[in-house]
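Architecture and fold: a report
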Amino acid sequence: MSAVAPVETPETAYIWAGYRAGQLRLQLCDGCGHPRFLPAYRCSACGSPDYTTISSAGAGHVYSFAVTRRPEELPLIHDFPVIVLVELDEGVRLISNLVDVAPADVQIGLRVQAYFDPVTAEATVVRFRPVSAS
Ligand SMILES: [Zn+2]
């Protein structure tokens, strides 16, 4: 299966560079400390344009999820049938894939940990695995 590289823009370059470096980067508002994952020109909580980029620990839980039931028609999804909305412990949410778990075993609240998957020579994406309860 050939991978399709994500589209990198000037606004998201720090995110993709972070993935390549094994970091899940967030923006923390300098005005109020509100975290955000996708870049924004102003804080949605206080309106400040200033922020500091931090590296998330990559730990969180499944906030919501969907399981694709017809993957044969969507080869890029074939290997990743579980699509999750993860809420990181830092308080932001992002959409990704969950691996190493049977779709029937995915539950809201499942603890997960980020890992970094180099899908092409230039592009790395973040995905998640369950954290064992032991
Ligand atoms: Zn703010």
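Here's a quick rundown of the structure. (Residues numbered from 1 in each chain as written. Predicted model: local features only at pLDDT ≥ 70, side-chain atom pairs only at ≥ 80, totals over all residues. Heavy atoms only, no water.)

1. A closer look at the side chain of Ser-56
Note that Ser-56 resides in strand 3 (residues 51-56). Here the side chain of Ser-56 touches Gly-58 through a polar contact of 2.8 Å, landing on its backbone nitrogen. Polar contacts involving the side chain of Ser-56 include one to the side chain of Glu-90, which spans 3.0 Å. Ignoring anything within four residues of it in the chain, the contact list for Ser-56 reads Leu-24, Leu-26, Leu-88 and Glu-90. (Helix = DSSP H or I, 4+ residues; strand = E, 2+ residues; numbered from the N terminus. Polar contact = N/O pair within 3.5 Å; in protein donor to acceptor, adjacent residues only side chain to side chain. Contact = heavy atoms within 4.5 Å.)

2. Side note on the packing of aromatic side chains
Scanning the entire structure with this criterion turns up two aromatic pairs. The interplanar angle of 45 degrees and the centroid separation of 6.0 Å between the aromatic rings of Tyr-19 and Phe-116 together place this pair among those described as tilted. Here the residue Tyr-19 occupies a position in helix 1 (residues 13-20), and Phe-116 occupies one in strand 7 (residues 111-118), the gap between them amounting to 97 residues. Here Tyr-19 falls in the buried class, since its relative accessible area comes to 5%. Stacked on the ring of Phe-80, the Lys or Arg Arg-127 has its end atom at 3.7 Å from the ring centre. Here the basic side chain of Arg-129 rests over the ring of Tyr-115, its NZ or CZ set 3.8 Å away from the ring centre. (Phe/Tyr/Trp six-rings, centres within 6.5 Å; stacked < 30°, edge-to-face > 60°. Buried < 20%, exposed > 50% of the residue type's maximum accessible area, 1.4 Å probe, protein only. Lys NZ or Arg CZ within 6 Å of the ring centre and 35° of its normal.)

3. Focus on the coordination of the zinc ion
Binding of the zinc ion to the protein goes through Cys-29 (SG), Cys-32 (SG), Cys-43 (SG) and Cys-46 (SG), at separations of 2.3 to 2.4 Å. Looking at Cys-46, the relative accessible area reads 41%, which means it is partly exposed. (Donors = N, O, S within 2.8 Å, 3.2 Å for Na, K, Ca; no water.)

4. Brief notes about the sheet that holds strand 6 (residues 93-97)
An order of 6-5-4-7-8 is seen for the five strands of this open sheet, with the pairing classed as antiparallel. The sheet is open, and its two borders are formed by strand 6 and strand 8 (124-130), each paired with just one other strand. With strand direction ignored, the average angle separating the axes of adjacent strands in the sheet is 45 degrees. In the sheet, strand 4 (residues 59-67) pairs with strand 5 (residues 82-88) via seven bridges, with the strands oriented antiparallel. When the bridges of strand 5 are listed, Gly-60 appears paired with Leu-88. Helix 1 rests against strand 6, strand 7 and strand 8 of the sheet, and its axis sits at about 60 degrees to strand 8. (Pairing = 2+ DSSP bridges. Axes fitted to C-alpha atoms, helices over the stretch in contact; angles between N-to-C directions.)

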